[in-house]
Amino acid sequence: MTPQYQEQIPAPMAWRGGDFTKEQIAFDLTASQVAALEEILGRVERAGLSMREIGPEHVRHPALDAPLAGIFNEIQHGRGITIVRGFPVTRFSVEQISKMFWAVGAHFGRGVSQSALGDVLGHVRDETPPGQAESARGYLSRRELQLHTDLGQIVGLMCVRQSRTGGFSQYASGLAIHNELLARRPDLMPLYYRGFRYHRRGEQPADHPEITPYNVPVFSNVDGNVSVFYVREISAVAMRDLGIDYTAEEVDALDTFRATAYRLQFETRLEPGEASFLNNLTTLHARSEFDDWDEADKKRLMLRLWLDAHRDARPSVREIHIYENKDGASGIDPVPGRLPAVAQYHVPAPRPRVAAE
């Protein structure tokens with residue numbers, strides 16, 4: 001357990017949902033910048049590069065380098081959230097748009113595996129077979145996903161096609177939540193810094209235990225850099241399979257965290273051609289349930305990147321890397337023969353209550 005950070009964390013990274021609008025955190029690609037992405041796409045296609053082979057050396061362009069460096073600085077040292085708008089999703093195939101999205105991400109970091117399958121670009125869509133239970137991996141379902149963090153240092157999410165209704169995105173600053181809890185519920189801070197056990201949901205190597213043998217802190221502090229890690233569903237699965245009930249104080253802590261995050265959140269809807277980029281060590285995200293189109297070519301499709309930053313990575317504790325990957329990367333190392341977490345690992349999260357002002 002790291003030392004508790006006892007000061008109020010200042011803006012801009014500790015923000016509240018009412019502090020800005022979507023317009024104020026948006027970066028609109030200009031015509032010349034879109035043309036630059038198209039030029040990069042042409043270069044990598046002529047070179048025969050797969051998406052995985054596209055690195056920083058392939059994506060440099062004078063129209064993009066400085067603006068994307070500014071966005072990276074905002075992700076790492078500013079609010080920790082930005083929305084890039086104007087990807088030409090209607091004029092290119094999903095594979096081509098994926099390479100453009102990857103090219104932007106390659107300015108920020110290296111893509112890491114998102115499941116035991118080794119996929120480095122997640123397709124966020126409902127893949128539930130008719131009449132069957134939804135996957136435990138929420139990004140493969142249409143259900144509501146409450147505020148949580150992912151398993152990369154930076155998370156990118158691009159909208160290619162949006163659902164008929166629903167599918168709104170919510171974001172919350174983990175550092176603003178820390179400020180609120182420190183001021184209002186200092187009695188709970190030791191629990192947050194101690195943390196909880198987490199389930200690896202069958203995606204771990206055969207020689208690793210299915211449940212972390214250590215607690216994963218909700219908040220941690222490394223040299224004054226506070227980070228957040230919170231995925232209540234996965235912790236609940238661990239408790240279920242360990243045969244342990246949360247104590248009353250632990251339930252209070254988890255409910256209070258969730259309610260505070262809910263009250264401080266910012267909500268918007270990503271439209272086709274828009275992509276959010278988050279500092280995953282400071283910013284939580286969520287999604288409302290959605291109702292999809294009947295036509296297959298209109299169904300909701302989002303593309304997801306988990307990135308490890310090329311530089312200026314936020315110092316963090318090793319415990320938040322719950323899969324203990326052999327090369328030290330974030331994400332989930334590929335494991336032959338394993339599948340993304342199946343339905344048995346899904347525990348529905350309770351609905352949030354709203355914390356009092």
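Residues numbered from 1 in each chain as written. Predicted model: local features only at pLDDT ≥ 70, side-chain atom pairs only at ≥ 80, totals over all residues. Heavy atoms only, no water.

Draft legend 1. How the structure looks around unusual backbone geometry. The amide bond that connects Ala 11 to the next residue, Pro 12, takes the cis arrangement and shows omega of 10°. Relative to the helices and strands, Pro 12 is located in the segment before β1 (26-28). The phi angle at Arg 201 is positive, at roughly 55°, despite the residue not being glycine. Mapped onto the secondary structure, Arg 201 falls in the loop between α5 (189-194) and β9 (219-222). With phi around 55°, Asp 312 is a residue other than glycine that occupies positive phi space. Within the secondary structure, Asp 312 sits in the segment after β15 (301-309). What makes Asp 312 partly exposed here is its relative accessible area of 39%. (Helix = DSSP H or I, 4+ residues; strand = E, 2+ residues; numbered from the N terminus. Buried < 20%, exposed > 50% of the residue type's maximum accessible area, 1.4 Å probe, protein only.)

Draft legend 2. Seen up close, the pairing of strand β10 (residues 225-228). In this sheet, β10 lies alongside β9 in antiparallel orientation, the contact comprising 4 bridges. Residue pairing for β10: Ser 220 is matched across the bridge by Ser 227. In this antiparallel pair of consecutive strands, β9 and β10, the connection spans 2 residues, and Asp 223 shows a positive phi of 55°. (Pairing = 2+ DSSP bridges.)

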